[in-house]
Every structure is written in C-alpha cells, then in structure tokens.
Amino acid sequence: MQAAPVQAIPATAPEPTAPAVPDQLGRPLRDLRLSVIDQCNFRCTYCMPKSRFGRDYPFLTPAQRLSDDELLRLVRAFVGLGVEKVRLTGGEPLLRKGIESLVERIAALRTGDGRQVEVAMTTNGSLLARKARALRDAGLGRVTVSLDSLDDGIFRAMNDVDFPVGRVLEGIEAACAAGLAPVKVNCVVERGTNDGQVLPLVEHFRGSGVTLRFIEYMDVEGPSGWSPSRVVPSDELRGRVGRAHALLPLARRAGDTASNFLLADGSLKLGFISSVSHPFCGDCTRARVSVDGRLHLCLFATRSVDLRQHLGAARPEQDLAEAIRQAWQARGDRYSELRAGLRAETLASGKRQYPTVRMSLVGG
Ligand code: SAM
Ligand code: SF4
Ligand code: SF4
C-alpha cells in the first residue's frame with residue numbers, strides 16, 4: 001500500500017447545528033444507514049450462508065425496492081430532522097443500478113445551515129476498483145470496505161463464492177487513490193476461522209492511511225454456527241495487537257461505534273467494535289431504513305415502521321417527517337445491552353429465543 005500519514009482524530013466531533021430529535025433515552029437522531037439493495041454477490045458464512053440464502057431465496061424484486069426518487073424523499077426528511085450523515089449499505093450497495101446517480105443526488109442535499117450532507121458507503125469492495133473514481137466524482141465522501149482475511153484461501157472460504165482477495169485489495173487501493181478518505185477496513189473476527197489474520201492485517205495496512213477495525217462476530221439471523229466461543233472479545237484482540245505494537249488510546253467521539261487506538265509510531269489507526277462484549281447502545285444515534293421502506297430503530301428490534309405509505313409523490317413531505325419523528329421519539333431500544341442475559345438463558349435452553357436481524361436486509 002502507498003504510504004500516507006495517519007492523523008489522530010480530534011477529541012470532540014464538530015457540534016451539530018439542527019436541533020436534535022431525542023429518543024426515550026435522550027439519544028439524538030444523527031445518522032441514517034440506508035440499505036439500497038438486499039441482494040449480494042457474496043455469501044459470507046457469518047451473514048448470508050448458502051444454506052439459507054440459496055438460489056430460490058425470495059429477495060425483494062425491483063418493484064418491491066424503493067426507487068431512487070423515494071430514497072431521496074426519505075433522506076430529505078431525515079436531513080430535515082437533523083441527520084447529517086448518510087451511509088449507503090446493503091446487501092451489496094454497488095450492485096444497485098445507477099448507484100452513482102443516487103450518491104450524486106444525496107450529496108447535493110444541504111443541511112439546515114447549508115452544509116453538504118456527508119455520504120458514506122459500506123461495501124464488500126468487489127466492484128470498487130472500477131467504481132471508486134466515479135463514486136468520488138458523484139460526491140461520495142468516505143468508504144468502508146469489509147475484508148476478513150489477507151489469506152486468499154481463508155477469504156474465498158469466508159465469502160463462499162470463491163472471490164479472490166486481490167480484487168478487494170485493488171478496490172481498497174483505488175478508493176485511497178480516489179481520495180475516499182479515510183478509507184476504513186472492517187474485519188469480522190471469528191475464532192478458529194480468521195483470528196490468525198489479525199496481525200497480518202495490521203502489518204499490511206501500516207502506513208497506508210487506512211483505518212482498520214475489528215468487529216466481534218454477532219449472532220444474526222441466518223448462520224447457524226454462532227456461539228460465544230466463536231467470538232473473540234475485543235479485549236483479547238487488543239491484547240494480541242498490543243503485544244506486537246504499543247497502542248495509544250484515542251478519545252471516543254459521540255456516536256462512534258468503535259474504541260479507537262493509534263499504533264504508537266503513528267502508522268495505523270485501529271478500531272475495535274465490541275457489540276457483544278461491550279455494547280454501546282447508550283451512544284446509538286443511528287436510524288436504519290431497509291430498501292422496502294421500513295424504519296428499524298435498532299438492529300435487533302422485532303418491529304419496524306412502514307414508511308412506504310408516506311412516500312407517494314402526492315403525499316405531503318411533512319407527513320413522512322412526522323412519522324419518523326414520532327417513531328424516533330418513542331424509541332427505547334437497547335438490545336445489545338439486554339442480549340447478554342437473554343443469550344445465557346437461550347444457550348442454556350438450547351433454543352434461540354431472542355430477536356436476530358437479517359443483516360443483509362437492514363445493512364449492519
Ligand atoms: N455488503 C456490504 C459489506 O459487506 O460491507 C455491506 C452490508 S454488510 C451486512 C455490513 C456489515 O455487516 C459488514 O461490515 C459485515 O462485515 C457486517 N456483518 C455482517 N454479518 C455480521 C455478523 N454476523 N457479525 C458482525 N458483523 C457482521
Ligand atoms: Fe454480502 Fe456484506 Fe453480508 Fe458479506 S457481509 S454476505 S458482502 S451483505
Ligand atoms: Fe443501537 Fe440496537 Fe445496536 Fe444497541 S443493539 S447499539 S440500540 S442498534
């Protein structure tokens with residue numbers, strides 16, 4: 001990777017301007033994760049295992065997916081309620097036809113005080129090498145690429161479609177070259193599968209300008225093999241990296257899902273996302289909308305709010321904003337914090353009794 005300086009993040013995030021809509025726990029609505037497609041060209045074993053997402057899986061049809069106009073109408077309503085950052089996700093967002101033009105239209109929106117809406121994307125990187133420049137030109141600000149291994153055999157086995165790791169690495173390089181900075185790389189760590197890749201990933205990305213983040217393996221809908229023993233807690237991972245490199249803690253920004261560290265020589269910023277071992281519900285300022293137009297107030301909520309009924313061209317935009325505001329104000333979800341207890345009971349009973357999420361629909 002090309003060398004680029006790594007900069008420490010400032011201790012505080014810039015103050016938001018629009019008055020925030022608080023939920024029941026005082027958490028402001030600040031970010032939107034918008035899933036633009038539920039299909040994917042990978043079958044990551046921890047997300048969309050082939051046994052569940054086979055050829056006959058009933059993915060949403062194009063007619064069931066929100067159109068670009070409807071997605072834009074939605075984003076405009078969220079921005080009016082104080083949202084400043086929109087992350088496009090999926091499924092695999094780069095599979096959506098005309099994604100560049102959708103990015104361009106969202107990036108053209110302005111917040112109440114005239115600032116550009118920040119547009120980011122989470123992608124598996126498979127199509128990024130050829131799309132990075134056009135996405136940047138369309139107004140995409142930042143990109144997060146999922147990469148679970150540098151070892152080609154492990155990578156192919158985890159994506160389960162025999163996709164070579166080299167093509168994703170080319171995508172990451174293209175994103176860096178296009179200035180989609182800071183590029184983040186997310187690695188879901190599964191004990192016994194890819195936890196041996198943690199240190200090689202650290203070495204690979206030192207000096208690259210990329211931020212590398214390790215995510216604890218969560219029990220989501222689909223994969224059947226989850227158990228606590230497959231999770232490598234962030235504290236353990238940090239210990240492993242810390243024995244090889246001195247780590248300096250960085251201040252946590254409001255709404256940040258990761259605990260961040262800098263290698264003491266400044267060569268790499270590292271994040272640890274501890275959804276299982278140290279849930280961060282208290283900081284969760286994120287609304288999620290799936291491409292069928294449903295608002296999910298929590299990754300693990302069993303109920304969602306149908307926004308599609310408010311999206312017709314003839315419907316007043318105010319109704320849509322009001323529906324979102326009311327749903328957010330009623331929000332009290334904090335499932336990750338509650339799940340530790342539920343999991344223990346469930347594991348003891350042998351039956352899964354708590355809500356799980358279809359990651360590829362809600363978008364992570
Ligand atoms: N396809 C894109 C990608 O993989 O980056 C975007 C959608 S994917 C559902 C969003 C994020 O969810 C990815 O970073 C992925 O690693 C993460 N994810 C999926 N299943 C997970 C699981 N069981 N535990 C933790 N993270 C998971
Ligand atoms: Fe697809 Fe992303 Fe899920 Fe992997 S994690 S199967 S790339 S949606
Ligand atoms: Fe947010 Fe729900 Fe995840 Fe907690 S469990 S951090 S409330 S999405």
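This structure is a prediction, so every number in the text was calculated from the model and none was measured.

Notes on the site of ligand 3
Neighbouring ligand 3 are the residues Arg27, Phe280, Cys281, Cys284, Arg288, Cys298, Leu299, Phe300, Asp333, Arg334, Tyr335 and Ser336. Partitioned by chemical class, the residues of the shell around ligand 3 number 7 nonpolar, 1 polar and 4 charged.

Comments concerning the packing of aromatic side chains
Across all of its chains, the model carries 7 aromatic pairs by this definition. Between the aromatic rings of Phe42 and Phe155, the centroid separation amounts to 6.3 Å while the plane-to-plane angle is 80 degrees, which identifies the pairing as edge-to-face. Placement of Phe42 in the loop between strand E1 (31-35) and helix H1 (68-80) and of Phe155 in helix H4 (residues 152-159) is noted, with a sequence separation of 113 residues between them. With relative accessibility at 3%, the residue Phe42 sits in the buried group. By relative accessible area, which is 3% here, Phe155 ends up buried. The rings of Phe42, Phe155 and Phe163 are connected pair by pair, giving a single aromatic cluster. The side chain of Arg52 reaches across the aromatic face of Phe53, ending 5.5 Å from its centre. Positioned above the aromatic ring of Phe272, the side-chain terminus of Arg238 is 5.9 Å from the ring centre.

Comments concerning the UniProt feature "binding site: [4Fe-4S] cluster 2" (unreviewed entry) in the protein chain
On the UniProt side, "binding site: [4Fe-4S] cluster 2" (unreviewed entry) is annotated at positions that read Cys281, Cys284 and Cys298 here. The greatest C-alpha distance among the residues just named is 9.2 Å, despite their covering 18 residues of sequence, which places them together in space. Topologically, Cys281 is positioned in the loop between strand E9 (269-273) and strand E10 (286-289). Its relative accessible area of 10% is what places Cys281 among the buried residues. Setting aside its immediate chain neighbours within four residues, Cys281 contacts Arg27, Arg334, Tyr335, Ser336 and Glu337.

What about the site of ligand 2?
In the region of ligand 2, the neighbouring residues are Cys40, Phe42, Cys44, Cys47, Met48, Gly91 and Asn124. Of the residues that constitute the shell around ligand 2, the class distribution is 5 nonpolar, 2 polar and no charged.

Quick look at helix H3 (residues 128-138)
Listed as buried for H3 are Leu128, Lys131, Ala132, Leu135 and Ala138. Projected down its long axis, H3 shows its buried positions confined to an angular sector of 135 degrees, all on one face. Facing away from the buried side of H3 by more than 90 degrees, the exposed set consists of Arg130 and Asp137. Contact partners of the buried residues in H3: helix H2 (99-107), strand E3 (118-123), strand E4 (142-146) and helix H5 (165-178).

Quick word on the packing of H1 against H2
As a packed pair, H1 and H2 sit with axes 10 Å apart at the nearest point and diverge in direction by 25 degrees. What the angle tells us is that H1 and H2 run roughly parallel. As H1 runs across H2, the sense of the crossing is right-handed. Note on element contacts: H2 touches H1 through Ser101, Leu102, Arg105 and Ile106, opposite Asp68, Asp69, Leu71, Leu72 and Val75.

A look at the nonpolar core
In terms of nonpolar packing, the biggest core is built from 108 residues, with Phe78, Leu88, Leu147, Ile172, Phe205, Phe214 and Leu270 touching the most fellow members. In contact with Leu147, not counting residues within four places along its chain, are Phe155, Val165, Val168, Leu169, Ile172, Val185, Asn186, Cys187, Leu201 and Phe205.

How each quantity is defined
- Residues numbered from 1 in each chain as written.
- Chains lettered and ligands numbered in written order.
- Predicted model: local features only at pLDDT ≥ 70, side-chain atom pairs only at ≥ 80, totals over all residues.
- Heavy atoms only, no water.
- Near = heavy atom within 4 Å.
- Nonpolar A, V, L, I, M, F, W, Y, C, P; charged D, E, K, R; others polar.
- Phe/Tyr/Trp six-rings, centres within 6.5 Å; stacked < 30°, edge-to-face > 60°.
- Helix = DSSP H or I, 4+ residues; strand = E, 2+ residues; numbered from the N terminus.
- Buried < 20%, exposed > 50% of the residue type's maximum accessible area, 1.4 Å probe, protein only.
- Lys NZ or Arg CZ within 6 Å of the ring centre and 35° of its normal.
- UniProt positions renumbered as here; feature names shortened; annotations may be inferred.
- Contact = heavy atoms within 4.5 Å.
- Arc of directions from axis to C-beta.
- Axes fitted to C-alpha atoms, helices over the stretch in contact; angles between N-to-C directions.
- Parallel < 35°, antiparallel > 145°, perpendicular 65-115°, else oblique.
- Left-handed = near helix turned anticlockwise from the far one by under 90°.
- Core = buried A, V, L, I, M, F, W, Y, C linked by side-chain atoms within 4.5 Å.

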